[in-house]
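A structural walkthrough
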Amino acid sequence: MCGQLILGFCKSSIKWKISKIVASRIKQGLGGKMGNKGAVIIRFNLDDTSIIVTNAHLESGQKQIADRVTQFKQIVNDSLVGTRNRMYDYQSHTVKLFFGDLNFRIDLDYEVAKVASINFKDDDIMILQAADQLNKIRKLDPEMQNIAEGTLNFRPTYKYDKNCDTYDSSKKQRVPAWCDRILWFKNDKHIEQVTYERKENQFSDHRPVISFMNIMTYEHDNKLMRELKEQLIKQK
């Protein structure tokens, strides 16, 4: 894949709790032939909780909404992650995190969106959020309604001029947008988002986003399971 990766770190104290690590990738550029669009995926078990993490780069362009939705659905509905010996279905995981340059745009005039993004007062935030393509899709498409995201209380992360905080001043005048997102599939018992914000690094025409989450895992009581199994055998 072009410029996409997932780096995973853990405390040494919980390293022994992690198992069944498998990585995969999906090419979606030029009909699945190139890796300029697509996703990298890693899945693992933490205790007995299955977790799958996806970093995706979806189709670009202001009007390519349907292409982005199609790519998203292909990744989460059709992906099998694993080896010849064991394959894992994407949707079978308890915790599913999905992030990256998803390229969803804001359906506003350039000047309107730019002024609102710079001022970024309460009224501006409401206007931008209401015009965000992903927000609208999550309300209208039943398949997307189980996707969760924190509140977009930070300025749009795209597109900036090089090495400064000025939104795109080129001839193309790309509309400011929240291209960079962190999503998860709704599972209130397992995921609690603590923070969701952007960072002010100028090494790209995007601004990176960051989120801290609490994820509750579970562990099977193997002793109790053996005892129950023995009781069932005796009952037969």
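Below: a short report on this structure.

What counts, and where the lines are drawn
Residues numbered from 1 in each chain as written. Predicted model: local features only at pLDDT ≥ 70, side-chain atom pairs only at ≥ 80, totals over all residues. Heavy atoms only, no water. Buried < 20%, exposed > 50% of the residue type's maximum accessible area, 1.4 Å probe, protein only. Helix = DSSP H or I, 4+ residues; strand = E, 2+ residues; numbered from the N terminus. Pairing = 2+ DSSP bridges. Contact = heavy atoms within 4.5 Å. Expected span 1.5 Å × (residues − 1). Patch = residues over 30% accessible without salt bridge, like charges linked within 9 Å, V, L, I, M, F, W, Y side chains within 5 Å. Areas by Shrake-Rupley, 256 points an atom, 1.4 Å probe, with all protein chains shown as cover. Salt bridge = Lys/Arg side-chain N within 4 Å of Asp/Glu carboxyl O. Lys, Arg positive; Asp, Glu negative; His and termini not counted. Charge placed at Lys NZ, Arg CZ, Asp CG, Glu CD. Polar contact = N/O pair within 3.5 Å; in protein donor to acceptor, adjacent residues only side chain to side chain. 1 Å grid on protein atoms, 1.4 Å probe; cavity = no way out; pocket = protein on both sides within 12 Å on 5 of 7 lines; lining within 4 Å. Points joined across faces, edges and corners; volume = space filled by probe spheres on them. Nonpolar A, V, L, I, M, F, W, Y, C, P; charged D, E, K, R; others polar.

With 6 of its 7 residues buried, strand β6 (residues 95-101) lies for the most part within the structure. When strand β3 (residues 49-57) meets β6, the two strands line up parallel, connected through 7 bridges. Bridge pairing in β6 places asparagine 55 opposite phenylalanine 99. As judged from the 5 bridges shared by β6 and strand β8 (residues 180-185), these two strands associate in the antiparallel manner. Among the inter-strand pairings, phenylalanine 98 is bridged to a residue of β8, identified as leucine 183.

Moving on, we get to the side chain of aspartate 141. Note that aspartate 141 resides in the loop between α4 (133-140) and β7 (147-149). Of the residues examined, aspartate 141 reaches a relative accessible area of 16% and is grouped as buried. For aspartate 141, the residues in contact, after removing those within four places along its chain, are Val69 and Lys73.

What follows is about the pairing of β3. With 9 of its 9 residues buried, β3 lies for the most part within the structure. Judged by which residues are buried, β3 turns out to be covered on both faces: Thr49, Ile51, Val53, Asn55 and His57 on one side and Ser50, Ile52, Thr54 and Ala56 on the other are all buried.

Here we take up helix α5 (residues 222-235). The end-to-end C-alpha distance of α5 is 20 Å, a good match for the 20 Å that 14 residues give at a rise of 1.5 Å each. For α5, a buried count of 0 out of 14 residues is recorded, marking the element as mostly open to its surroundings.

Taken together, the side chains of Glu219, Asp221, Glu227 and Glu230 present a region of like negative charge at the surface. With relative accessibility at 46%, the residue glutamate 230 sits in the partly exposed group.

Attention now goes to α4. Among all positions of α4, only Gln133, Leu134, Asn135 and Ile137 are buried. Close packing links the buried residues of α4 with α1 (65-78), α3 (122-131), β7 and β8. Here α4 starts with a cap whose side-chain oxygen sits 3.2 Å from the backbone nitrogen of leucine 134, and that cap is aspartate 132.

Our next topic: the layout of surface pockets. Considered as a void within the structure, the largest pocket measures approximately 940 Å³ in volume. Taken together, 28 residues form the lining of the largest pocket, with Asn55, Phe99, Gly100, Ile182 and Val209 sitting closest to its centre. Put simply, the parts of the chain that give the lining of the largest pocket at least two residues each are β3, β6, β8 and β10 (209-215). The dominant element in the lining of the largest pocket, judged by the number of residues it contributes, is β10, at 6 residues. In terms of residue class, the lining of the largest pocket is made up of 16 nonpolar, 8 polar and 4 charged.

Time to look at unusual backbone geometry. Look at the link from tyrosine 158 to lysine 159: it is a cis peptide, with omega at -5°. At lysine 20, a position not held by glycine, the phi torsion is positive, near 55°. Position of lysine 20 relative to the elements: it lies in strand β1 (residues 18-29). The phi torsion at aspartate 47 lies on the positive side, around 55°, for a residue other than glycine. Secondary-structure assignment places aspartate 47 in the loop between β2 (34-46) and β3. Classification of aspartate 47 by relative accessible area gives buried; the value is 16%.

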